[in-house]
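Summary of structural features
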Amino acid sequence: MLKERTRLKLSRHIWIVPGIYSIGALILASLVIWIDVSYYETVKKVVPDRLLTSTSLTKAILGSIAGSLLTMTSITFSTLMVVLTTYSGQFSPRILQNFIHDKVTLRVLGVFMGGFVYSMFSLLFIREVNNDDPVISAAVGVFIAFICLIFFAHFLQHVANSIQVTKLIDRLADDAVEMIEKIEKSGKRVDVRPEVPDVEPELLISGEKGYIQLYEAEKLLSIAKEHDCIIEITEPIGTFVMKKTPIVRLYRSASFHKDVRDYIKVGDERAAVQDVEFAVQKLSEITLRALAPGANDPNTAIDSIRHIGMALGEASRLDGKYVVYDQRLIVPQRPFEEILYETFYEICYSGRDRVSVLLAVFDALEMIARDNTPAIGEKVRHFGDYVRAKVEEDILNETDRRKITERFDQL
């Protein structure tokens, strides 16, 4: 869980990865110049003559590389802005984080900035080398420039794949499933609130406004065991809280100095670290954009709905109103029927007059109910009644109504 909190903090700062690459490039430039200054006799014997250049030629080469890499970095930033505009306008503003914090994007920026830093600092340090002594700084700079060129081509291919909505949908669904698998092993899920001591609990208010992003369950459970108390969280992940909203009920017989609220992360926006509903909501928003009158792209909507069904099928294993850790930590969560409703109610309203969309919703529900527990099957069938009631009978003809009725009966 500590890893998740660290990753959540690092995700707010896109400069960290490029900064690490830049520091590495600075260290490399210092090392190469040190070799050129202190071991040039050994360098002449070991390194082929074709890789050795005079300081004047080295300055010219490194200057050209620095200018070229700065231009490539500018082009990369411009491309990023275009992609971010596309994501925000055509898909969803919530998906911007997925591309901004993408590993490929950060590595490309890091490689370009690192190459520029190496060239500039090598030019700064090269004055310590005598004009007649051969150096390898230019050869290393050319090698770095070649690596940057490979990364630039890879970045263009990555951007081309990223703006394809089918690949984006598939990636978001995979991220949701991966996140669900991680949190599935945590705690025991129950529908009935466990028994707590018959004493007046101590209420702890949030102290911050924003969305609950993360619970560090291992830390909270460790505190509960160490001080022989019971910690009950009052709000599930993804809830918007105000500064005076109670978020913890603390059942304890003796006071202790640790503040359990330090292990509850509240931020300005929702994060898909433990928030199943938010992870699926991104797919739902893509579906709604595709159903908008300006887009009118039902095939994209259908593809997204089917991926939603796959993700919700995995999320159904997390059903329950509470997650209980060793009877000492109680964390509320949204039950599956609530997640099902929050995901599909806007889609059903927007597609109430589109047969293909409604049939895709029934396909997704059938995908969820198939080979699942009887309790989940009953919740899916109950939601199927809701979807069936959303259909605008007056608009559909007899064949459309028959198709929808047949699909509904399959549930």
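None of these values were measured; they are calculated from a predicted model. (Residues numbered from 1 in each chain as written. Predicted model: local features only at pLDDT ≥ 70, side-chain atom pairs only at ≥ 80, totals over all residues. Heavy atoms only, no water.)

1. Digging into the environment of Arg388
Selection criterion: A run of H or I in DSSP becomes a helix once it reaches four residues, and a run of E becomes a strand once it reaches two; helices and strands are each numbered from the N terminus. Each polar contact in these results corresponds to two N or O atoms within 3.5 Å; when the atoms are within protein, one needs to be able to donate a hydrogen and the other to accept it, and residues that are neighboring in sequence are counted only if both atoms are side-chain atoms.
Relative to the helices and strands, Arg388 resides in helix 14 (residues 374-390). With 125 residues separating them in the primary sequence, Arg388 and Tyr263 have C-alpha atoms 43 Å apart. At 3.2 Å, the side chain of Arg388 forms a polar contact with the side chain of Thr405.

2. Some words on the sheet that holds strand 4 (residues 230-233)
Going by this rule: Two strands pair under a simple rule: DSSP has to find at least two bridges between them. Only the stretch in contact is used when fitting a helix axis, every axis being a line fitted to C-alpha atoms; angles between N-to-C directions are given from 0 to 180 degrees. We call two residues in contact when some of their heavy atoms are within 4.5 Å.
Pairing is mixed in the open sheet, where six strands are placed in the order 1-8-9-4-6-2. Each of the sheet's edge strands pairs with one partner strand only, and the pair in question is strand 1 (188-190) and strand 2 (202-205). For this sheet the average axis-to-axis angle between neighbouring strands, irrespective of direction, equals 20°. Where helix 9 (residues 217-226) meets the sheet, its contacts fall on strand 4, strand 8 (322-325) and strand 9 (329-332), and the angle it forms with strand 4 comes to roughly 145°.

3. Quick look at the confidence of the model for the protein chain
Formally: Confidence of the predictor in every single residue is expressed as pLDDT, which spans 0 to 100.
Per-residue confidence for the protein chain gives a mean pLDDT of 84, with 94% of residues at or over 70. Between the elements of the protein chain, mean pLDDT differs from a low of 55, seen in helix 1 (residues 2-10), to a high of 92, seen in strand 5 (residues 240-241).

4. A word on unusual backbone geometry
With a phi close to 60°, Gln327 is a non-glycine residue in the positive phi region. On the secondary structure map, Gln327 appears in the loop between strand 8 and strand 9. Phi is positive for Asp371, close to 55°, though the residue is something other than glycine. With respect to the secondary-structure elements, Asp371 resides in the loop between helix 13 (355-369) and helix 14.

5. Things to note about the nonpolar core
Across soluble globular proteins, nonpolar side chains show a tendency to be buried alongside one another. To keep things clear, this is the line we draw: We call a set of buried residues a nonpolar core when its members are Ala, Val, Leu, Ile, Met, Phe, Trp, Tyr or Cys and they connect through side-chain atoms within 4.5 Å of each other. For every residue, the accessible area obtained with a 1.4 Å probe (protein chains only) is divided by the maximum for its type, and the residue is called buried under 20%, exposed over 50%, and partly exposed between those limits.
Counting residues in hydrophobic clusters, the biggest one holds 76 residues, and the most contacted among them are Leu312, Phe344 and Leu365. Take this core: its biggest share by element is 10 residues, from helix 13. Of all hydrophobic cores here, the second largest spans 24 residues; its members include Leu220, Ile223, Cys229 and Val331.

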